[in-house]
Amino acid sequence: MVVTVDQVEKQTCQIIHFLLEDEDEDSPSARQLNASLETDGPADDNFDPVVIADKLRTVADKLNTDVQFKAVLTQMKQAAAQEAVEAAFISGVDALCQAQGSQGAEVAPEMQLIRAAVAFGLHVKKSSPELVNTVQSAMTAFLNRRVGPWVAQQGGWDKVTKF
């Protein structure tokens, strides 16, 4: 099945929602909510935003011990106080990707962007829960703009998380 950029954008919104939802929320109820959503195209049995969000969370958790990651997070927090959250988010993800560039040459640049964006989003969720809605919007916009077409080329989010 060919996945369009529009479908990837809708999937991205769902994935980020489940990625940032409270961990004490019950996943089966989240799955029931997801099952009631209507889509514009044929059903994709392989797309499960809860599973993909869990895989992305696992990948991002590996960055939490990285010294450069922590330094960039500090810079992002300072920048967020002075400028719009979305601009600070983009700046932080770009800085982290540049810092990690030589260490992750074997990883596609798009995957580096995804990993960094997810790590930032999850960190903000834990450290500044009052910003979750704002960061959710910033993450979704960032991922759709920066990696949405690439995700569509790969066949959708369920294919990307297999990397």
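Below or above, wherever it landed, is the structure these notes cover. Note that the structure is predicted; figures quoted are calculated from it, not measured.

The rules behind each value
- Residues numbered from 1 in each chain as written.
- Predicted model: local features only at pLDDT ≥ 70, side-chain atom pairs only at ≥ 80, totals over all residues.
- Heavy atoms only, no water.
- Helix = DSSP H or I, 4+ residues; strand = E, 2+ residues; numbered from the N terminus.
- Buried < 20%, exposed > 50% of the residue type's maximum accessible area, 1.4 Å probe, protein only.
- Contact = heavy atoms within 4.5 Å.
- Salt bridge = Lys/Arg side-chain N within 4 Å of Asp/Glu carboxyl O.
- Phe/Tyr/Trp six-rings, centres within 6.5 Å; stacked < 30°, edge-to-face > 60°.

Observations regarding the environment of Met139
- Position of Met139 relative to the elements: it lies in helix H7 (residues 132-146).
- On the basis of relative accessibility, which here comes to 0%, the residue Met139 falls in the buried class.
- Residues Met139 and Ile114, spaced 25 residues apart in sequence, show a C-alpha to C-alpha distance of 9.6 Å.
- Residue contacts for Met139: discarding those within four places in its chain leaves Ile16, Leu19, Leu20, Phe89, Ala117, Val118 and Gly121.

Comments concerning the pattern of salt bridges
- Enumeration according to the criterion identifies 4 salt bridges in this entry.
- For Lys10, the salt bridge goes to Asp6, with nearest N and O atoms at 3.5 Å. Pair noted here: Lys10 and Asp6 are both in helix H1 (residues 5-20), with a separation of 4 residues, about one helical turn.
- Overall, Lys10 belongs to the partly exposed group, its relative accessible area being 37%.
- Of the charged contacts, one joins Arg146 and Asp94 as a salt bridge, the two residues approaching to 2.8 Å between their closest N and O atoms.

Quick look at the packing of aromatic side chains
- Here the structure, examined in full by the defined rule, presents 3 aromatic pairs.
- A ring pair is formed by Phe89 and Phe142, whose centres lie 5.8 Å apart and whose planes are at 75 degrees; its orientation type is edge-to-face. With Phe89 in helix H5 (residues 85-100) and Phe142 in helix H7, this residue pair connects regions lying 53 residues apart in the sequence. Comparing Phe89 with Phe142, the two get one shared label, buried.
- One aromatic cluster in this structure is built from Phe69, Phe89, Phe120 and Phe142.

Points about the environment of Met111
- Summarising the element assignment, Met111 is placed in helix H6 (residues 109-127).
- In the structure, Met111 is positioned 36 residues away from Val147 in sequence and 8.5 Å away in space, judged by C-alpha atoms.

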